[in-house]
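Spelled out from the first residue to the last, the chains are:
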Amino acid sequence: MNDASGTKPAQNSSVWKAVFERAANAIVVVSLETGQVIEWNQATLALFGYTAEQVAGMRLVELQPAIRTQREALRRQLAEAGSLFIDSFPLRRADGSEIQVAIHAVRTSYDGQEAFLAMLQDAAQARDLQTRLATQAMQLRAELTSQADEYLHLKEFFENVIDALPLRLLVLDEDLRIIHANPAYYLQRGVTREQIIGQSVRDVFPKELLDEAGLERALQGTLTTGERVWWSGFREQSVGHPERIINIRIDPCRGLEGRACLLISIEDVSERYRQIYERTLLQEVSQAMLSTLDLPRLLHAILTGMTAGGAVGLGFNRAILMLVDNAAGVLKAEMAVGPEDVHQAHTIWSEVTGRYRTLQDFLQDYDRLPPPQDRPLADLVERLVVPLSDVEHLPMSALVSGNTVYVPDARNDARVNSEFATVMDSDEFVVAPLRVGETQIGVAIADNFITHKMIKGSDTHLLTSLANQAALAVERAQLFREAQERAEELARAYEELKAAEQDRLRNERLATVGTVTAAVTHEIRNPLSTIGGFARAILRDPHDTERNRRSAKIIVEEADRLEELLRTVLDFSRPEGVNVQRTRIEPIVESVLELTAEQRERAGIDLSWEAEPDLPELDLDANQIRQVLLNLVKNADEAMPNGGLLALTARLAGNAVALAVSDTGSGIPQGDLSFVFDTFFTTKPTGTGLGLALARKILDAHGARIEVSSLPSQGTTFTVYFPIPPA
Ligand code: ADP
Ligand code: MG
């Protein structure tokens, strides 16, 4: 290295020097004026085989004499382009041999003189290197291209994804200007991407969202804090569009050059909200419907559910309920709800939706509203009647098929009964059947008569669900009403029956009195005429004592008979009413047997009397029961005029004490068995036919029961079952 290094102006000359010295390539600085080599490095010496002393002050022509001819051209090129490249230039080495050298030269100034700095390289090596570099570069380029392709694909893919997202996406810069929008966003707004890019949020979002709801504040907040913001359930109203419910999310993001930006995602959740709303609505309506059994009230609830908008109902303009009237053979409008004109519509809807949050609330107030018959559409209800037989046309066809039918253009629809269409006076409507299983209840018809809002599939769907609920409720109410009517009918019938029964009893009593009178008259006439006859005989000849004694005896006997007749009649007609006491039955039986012993002795009748030991005491009116037993024993004795056996037993029979009176007498013919307890049934010439009737009457009053069994010419058994009273 020569001493000239000390004169170099570079401040970091030592660094420079080191780099220059150690560079792998030969580097020389040559004065353009003199052609002298001013600076060189170790690699230069190595390339040419000179020593430093030999090179110092050497001129370029010494390395290549031919350069003289090219000098001007090279100098010009350097002057104009500032650099030149010669890929192969012959230079002479120290040993006289020549090597091809590649030269990169740039113009420079050195110590105030024009110079050039040249990097010299063995051309063969340089070429070699160059091809190596070239292949490497090619490989690199290929790699880069494929990576770039991949990147482009990915980019396109993600762009497509973003474009296809149902989410509305916006990217804002720091000034809240839109720098990106996806089609979901701009198409929904009805503009092009170009129209929306560059706009400020102030231009695209409504004021109430930006200011009142605080969206702008939230955006600024996310820009500064980097925090994510999430809003749900925002109501978006825009002219000409139905109200939508949206969720908004703000995410921080990084844009080009790492600039802060915002990603706004807007999700339309109206449909989800609507579904939830519909479910709640259905629940509410069905609850309301099930809470009333009063049919008119119920119908009104259903129709209100179908018409009232807002939170209360389905939001149809008009709803009509037609019910099947099987007796009249028609499907007939029962009730309709809805306005008759736009003005009325407004009043009604605002009244219902403004005041009542739920249908339940509305129904609670129902009684204070004008009664349904004062409501509008009375005329329509009056006229809307179709025969049940018209199953080919609406509305009957819907009821018969059980399917909801949507009619978009009634006047040109063959399915619609033309009279029905005329009365409805509406082009577009829905008919939903009300059925419970196979039972046809009626139909619900709904339309948007006033607003002409198109009926959507979801409306039809909801109406169907509501109609199904309504069918159940209406059936329930109808059944209830029928049951009520039947109950009232039964109550009426019962009253009538009671009156008739009283009449019958009175008549029967009168009849009985008549029969008794006749019987008594008949019974009395014979003894009385006998008494009269014999008494007159005595009067005629009072001295014939023997005859008179006989006559007197007959008179006394006849008088006795009359007395007994009188007593029986009196017993029978004595008002019922028992005077019971807890008592044993055996002594009563025995007293009766004692009373009647004489007659048996006369007729030659044997007696047997057996009572099971320890029979429980019974609740008896002793006098009346004695009367009963007397009648039974007397009848038995009378059935055995030529002797026989009277057998009495008392025993336990379940929860009763059974007392049986048996005889071996004439028996009762089968045909008479059912009459023996009837009043005045007698087969005896001097009988009254009251004994058994009286016995039955008394036993009834005791809650006791009497049975008879008999075999003609073998004998008869009467058994009385006395209930055992509780201990
Ligand atoms: P009466 O004894 O005055 O005829 P009752 O009412 O006591 O009236 O009896 C009605 C009828 O029942 C009797 O006339 C008789 O035909 C029949 N009857 C009752 N008890 C017996 C009996 N033990 N054996 C045969 N017939 C009897
Ligand atoms: Mg009798």
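Rules used throughout
- Residues numbered from 1 in each chain as written.
- Chains lettered and ligands numbered in written order.
- Predicted model: local features only at pLDDT ≥ 70, side-chain atom pairs only at ≥ 80, totals over all residues.
- Heavy atoms only, no water.
- Phe/Tyr/Trp six-rings, centres within 6.5 Å; stacked < 30°, edge-to-face > 60°.
- Buried < 20%, exposed > 50% of the residue type's maximum accessible area, 1.4 Å probe, protein only.
- Lys NZ or Arg CZ within 6 Å of the ring centre and 35° of its normal.
- Near = heavy atom within 4 Å.
- Polar contact = N/O pair within 3.5 Å; in protein donor to acceptor, adjacent residues only side chain to side chain.
- Areas by Shrake-Rupley, 256 points an atom, 1.4 Å probe, with all protein chains shown as cover.
- Nonpolar A, V, L, I, M, F, W, Y, C, P; charged D, E, K, R; others polar.
- Core = buried A, V, L, I, M, F, W, Y, C linked by side-chain atoms within 4.5 Å.
- Helix = DSSP H or I, 4+ residues; strand = E, 2+ residues; numbered from the N terminus.
- Contact = heavy atoms within 4.5 Å.
- Axes fitted to C-alpha atoms, helices over the stretch in contact; angles between N-to-C directions.
- Left-handed = near helix turned anticlockwise from the far one by under 90°.
- Salt bridge = Lys/Arg side-chain N within 4 Å of Asp/Glu carboxyl O.
- Arc of directions from axis to C-beta.

**Student:** Is there a simple way to explain the packing of aromatic side chains in this structure?
**Tutor:** Aromatic rings considered in pairs are described by the distance between their centres and by the relative angle of their planes. Tallying each qualifying case throughout the model produces 3 aromatic pairs. Ring geometry for phenylalanine 420 against phenylalanine 429: centres 5.8 Å apart, planes inclined by 85 degrees, an arrangement best described as edge-to-face. Like phenylalanine 420, the residue phenylalanine 429 is buried in the burial classification. A centroid spacing of 6.1 Å and a plane angle of 35 degrees characterise the contact between phenylalanine 675 and phenylalanine 681, whose relative ring orientation is tilted. Above the ring of phenylalanine 677, the side-chain terminus of arginine 696 is found at 4.6 Å from the ring centroid. Cation over ring: arginine 705 sits above tyrosine 721, and NZ or CZ is 4.3 Å from the ring centre.

**Student:** Which parts of the structure should I look at to understand the site of ligand 1?
**Tutor:** Neighbouring ligand 1 are 20 residues, the closest being Asn635, Thr682, Thr683, Lys684 and Thr688. Within the side chain of lysine 684, a nitrogen or oxygen atom sits 2.8 Å from an oxygen atom of ligand 1. Note that an oxygen atom of ligand 1 is positioned 3.0 Å from one of the backbone N or O atoms of leucine 692. Burial of ligand 1 by the protein amounts to 93% of the accessible area it has alone, namely 520 Å². For the shell around ligand 1, a count of residues per class yields 8 nonpolar, 10 polar and 2 charged.

**Student:** Hey, could you run me through the nonpolar core in this one?
**Tutor:** One recurring pattern in soluble globular proteins is that nonpolar side chains are buried together. Residues Ile625, Leu629, Leu632, Leu646, Leu699 and Phe722 are the most contacted members of the largest nonpolar core, which totals 36 residues. Of all the elements in the fold, those that place two or more residues in this core are α21 (586-603), β19 (618-620), α22 (622-638), β20 (644-653), β21 (656-663), α23 (691-701) and β23 (715-723). Ranked by residue count, the leading element in this core is α22, at 6 residues. Apart from the residues within four sequence positions on either side, phenylalanine 722 is in contact with Ile585, Leu618, Leu620, Ile625, Asn655, Ala656, Val657, Leu659, Leu699 and Ala704. Membership of the second largest hydrophobic core comes to 30 residues, among which are Ile67, Val101, Ala105 and Leu120.

**Student:** How do you make sense of the packing of α21 against α22 when you look at a structure like this?
**Tutor:** The geometry of a pair of packed helices is captured by two quantities: the angle between their axes and the separation between those axes. Between α21 and α22, the least distance of the axes is 9 Å, while the angle of their chain directions is 35 degrees. The handedness of the crossing between α21 and α22 comes out as right-handed. Every residue of α22 that contacts α21 at Ile588, Val589, Ser591, Val592, Leu595, Thr596, Gln599 and Arg600 is listed here: Ala622, Ile625, Arg626, Leu629, Leu630, Val633, Asp637 and Glu638. For the contact of α21 with α22, the residue count by class is 9 nonpolar, 3 polar and 4 charged.

**Student:** Looking at this structure, I do not really get the pattern of salt bridges. What am I missing?
**Tutor:** Oppositely charged side chains can form a pair if their charged atoms are brought close together. If you walk through the whole model with that rule in mind, you get 26 salt bridges. Here glutamate 216 makes a salt bridge to arginine 202, at a shortest N to O gap of 2.3 Å. With glutamate 216 in helix α11 (residues 215-225) and arginine 202 in helix α9 (residues 201-204), this residue pair connects regions lying 14 residues apart in the sequence. Exposure remark for glutamate 216: the relative accessible area of 18% places this residue in the buried category. Classification of arginine 202 as partly exposed rests on a relative accessible area of 43%. With a closest N to O distance of 2.9 Å, aspartate 251 and arginine 249 form a salt bridge. One salt-bridge network, in which partners are shared between bridges, spans Arg228, Arg249 and Asp251.

**Student:** Mind showing me how you'd approach the packing of α22 against α23 here?
**Tutor:** Put simply, α22 and α23 touch, their axes get as near as 9 Å, and they point 145 degrees apart. Crossing geometry of α22 relative to α23 is assigned as left-handed. Contacts between α22 and α23 involve Gln624, Ile625, Gln627, Val628, Asn631, Leu632 and Asn635 from the former and Gly691, Leu692, Leu694, Ala695, Ile698 and Leu699 from the latter.

**Student:** What should I look at first to understand the side chain of serine 397 in this one?
**Tutor:** Tracing the sequence through the fold places serine 397 in helix α17 (residues 396-401). On the accessibility criterion, serine 397 (18% relative accessible area) is buried. Discounting chain neighbours no more than four positions away, the residues touching serine 397 are Asp390, Val391 and Glu392.

**Student:** Got a minute to help me understand α11 in this structure?
**Tutor:** The α-helix winds at 3.6 residues per turn, so residues separated by three or four positions along the chain end up facing the same way. Within the sequence span of α11, burial applies to Leu215, Glu216, Ala218, Leu219, Thr222 and Leu223. For α11, the buried positions fall inside an angular range of 160 degrees around the axis, keeping them on one side. Exposed positions of α11 whose direction lies more than 90 degrees from the buried face are Arg217, Thr224 and Thr225. After α11 finishes, the residue glycine 226 shows a positive phi value of roughly 75 degrees.

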